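# Descriptive structure summary
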Amino acid sequence: MVSPKPGRPLAKAIADIAFGIWFGCVFTVASLCCVMIIAILPGLARRKHVVAGFARSVFILTGSLPRVANLGELPDGPMVVVANHASYLDGVLLTAVLPARFSFVIKSEMSRVPLAGFLLRRIDSFFVDRGGSGGRSARQTRQIITAAKQGRALGFFPEGTFRNEAGLLKFYSGAFAAAAAGDLPLVPCAITGTRAMLSADARLPRIAPLTVTLLPKLEIDATAAHPVRDLRDRARAAILAACAEPDAIDVTLPAPGAPAQR
């Protein structure tokens, strides 16, 4: 057996720190420039293209552009894309990879983050309360279903959150109800590498290969006993098989308002 070279762990640590600092600088500058442009740029489509371009530039300039599989097989027009959620980088990554026409459904806490909330509103994102109840939650659900019926392209992270430990959590049903209401094709998407690059408790990103795999589209099965639940379960099974993470469906997450695991 060949023993590892003594200097290799230290060299890797130094490389990771240098990468993290560079990534943070690039992301900060790109974000500030992007916010300034979309603050004055008219036209939703233009703003979405600008944000997608800046998101791609972050990964290009840091040498971490992901390997993307099957993007050419993405259906034209309206659809719902659902992806696993392992890191704060996931939303930026999908913005960089998917066509600019997508609007993303994001947890409501992000609407209160300075600059990020402004940017997300300017590109027509939807905000939802995970596990929320009452009139506000119902209103948010109606807005998303209306957007689906209008033929919008929507992106969801149906786990609703992520944690430090690896594992695919249970899926909430909102994305699948929207796909059913709008009679839209649903495309599962498996993301790998973002947890290794920026875990929930990490201070800086680390060097890690990223991949985004678009899986075969799914259609609602109206003959199923519970069509929305059936669509959700089929999408989750497809992502679980491709995301290289264990099944963590039995994990109990903190209630809304409790200390977050993110």
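Residues numbered from 1 in each chain as written. Predicted model: local features only at pLDDT ≥ 70, side-chain atom pairs only at ≥ 80, totals over all residues. Heavy atoms only, no water.

Across its full length, the protein chain carries 8 helices and 7 strands. A buried classification covers 43% of the 262 residues belonging to the protein chain. Counting every atom, the protein chain has about 13,300 Å² of accessible surface; 62% of that belongs to carbon and sulfur. (Helix = DSSP H or I, 4+ residues; strand = E, 2+ residues; numbered from the N terminus. Buried < 20%, exposed > 50% of the residue type's maximum accessible area, 1.4 Å probe, protein only. Areas by Shrake-Rupley, 256 points an atom, 1.4 Å probe, with all protein chains shown as cover.)

This next bit is on the sheet that holds strand E7 (residues 211–214). Judged by pairing direction, the sheet is mixed, and its 7 strands sit side by side in the order E1-E7-E6-E2-E5-E3-E4 without closing on themselves. Of all the strands in the sheet, just strand E1 (67–69) and strand E4 (126–128) have a single pairing partner and so form its edges. Between one strand axis and the next, the sheet turns through 20° on average, direction left out of account. Its contacts with the sheet place helix H6 (residues 174–182) against strand E2 (79–83), strand E5 (153–156) and strand E6 (186–192), and it is angled at close to 165° to E2. Against the sheet, helix H8 (residues 227–242) engages E2 and E6, with an angle of about 30° to E6. (Pairing = 2+ DSSP bridges. Axes fitted to C-alpha atoms, helices over the stretch in contact; angles between N-to-C directions. Contact = heavy atoms within 4.5 Å.)

So, about the environment of Val97. Here Val97 lies in helix H3 (residues 89–97). Spatially, the C-alpha atoms of Val97 and Gly53 are 9.7 Å apart, while their sequence positions differ by 44 residues. Residue contacts for Val97: discarding those within four places in its chain leaves Pro66, Val68, Leu71 and Val212.

With that settled, consider the pattern of salt bridges. Considering all chains together, one arrives at 8 salt bridges under this definition. In this structure, Asp124 engages Arg152 in a salt bridge whose closest nitrogen and oxygen atoms are separated by 2.1 Å. Residue Asp124 is found in the loop between helix H4 (116–122) and E4, and its partner Arg152 is found in the loop between helix H5 (134–149) and E5; the two are separated by 28 residues along the sequence. The exposure class assigned to Arg152 is partly exposed, which follows from its relative accessible area of 23%. Between Glu219 and Lys217 there is a salt bridge; the shortest N-O distance is 3.8 Å. Its relative accessible area of 39% is what places Glu219 among the partly exposed residues. Residue Lys217 is classed as partly exposed on the basis of its relative accessible area, which comes to 48%. (Salt bridge = Lys/Arg side-chain N within 4 Å of Asp/Glu carboxyl O.)

What follows covers the side chain of Asp90. By the secondary structure assignment, Asp90 is in helix H3. There is a polar contact of 2.8 Å between the side chain of Asp90 and the side chain of His85. Setting aside anything within four residues of it in sequence, one finds Asp90 in contact with Asn84, His85, Phe157, Ile191 and Thr194. (Polar contact = N/O pair within 3.5 Å; in protein donor to acceptor, adjacent residues only side chain to side chain.)

This part takes up the pairing of strand E3 (residues 103–107). A large share of E3 lies buried, amounting to 5 of its 5 residues. Relative to E5, E3 runs parallel, the two being bridged by 2 bridges. Along E5, the bridge assignment pairs Phe104 with Gly155. Relative to E4, E3 runs parallel, the two sharing 3 bridges. From the neighbouring strand, Val105 faces E4, where its bridge partner is Phe126.

In this section: the nonpolar core. In this structure, Leu74, Val81, Leu94, Leu98, Phe102 and Cys189 are the most contacted members of the largest nonpolar core, which totals 39 residues. The set of elements that each furnish at least two residues to this core consists of helix H1 (7–40), helix H2 (44–61), E2, H3, E3, H4, E6 and E7. Beyond its immediate stretch of four places on either side in the chain, Cys189 contacts Val81, Val82, Ala83, Asn84, Leu94, Val212, Thr213, Leu214 and Ile239. Counting 24 residues, the second-largest nonpolar core is a separate cluster that includes Phe126, Ala179, Leu186 and Ala190. (Core = buried A, V, L, I, M, F, W, Y, C linked by side-chain atoms within 4.5 Å.)

Once that is clear, we can look at a nonpolar patch on the surface. A surface patch of nonpolar side chains, about 260 Å² in accessible area, is lined by Ile17, Ile21 and Leu204. Using a relative accessible area of 48% as the deciding quantity, one classes Ile17 as partly exposed. (Patch = residues over 30% accessible without salt bridge, like charges linked within 9 Å, V, L, I, M, F, W, Y side chains within 5 Å.)

This part takes up H3. Among the 9 residues of H3, 7 are classified as buried, and the element is accordingly described as predominantly covered. The complete set of buried residues in H3 reads Leu89, Asp90, Leu93, Leu94, Thr95, Ala96 and Val97.

This part takes up H2. Taking 1.5 Å of rise per residue, 18 residues should cover 26 Å, and H2 covers 26 Å from first to last C-alpha, within 8% of that figure. Of the residues making up H2, those classed as buried are Arg47, Lys48, Val51, Ala52, Ala55, Val58 and Phe59. For H2, the angular spread of buried residues about the axis comes to 135°, placing them on one side. Residues of H2 that are exposed and point over 90 degrees away from its buried face: Arg46, His49, Ile60 and Leu61. Gly63 sits one or two residues past H2 and shows a positive phi near 65°. (Expected span 1.5 Å × (residues − 1). Arc of directions from axis to C-beta.)

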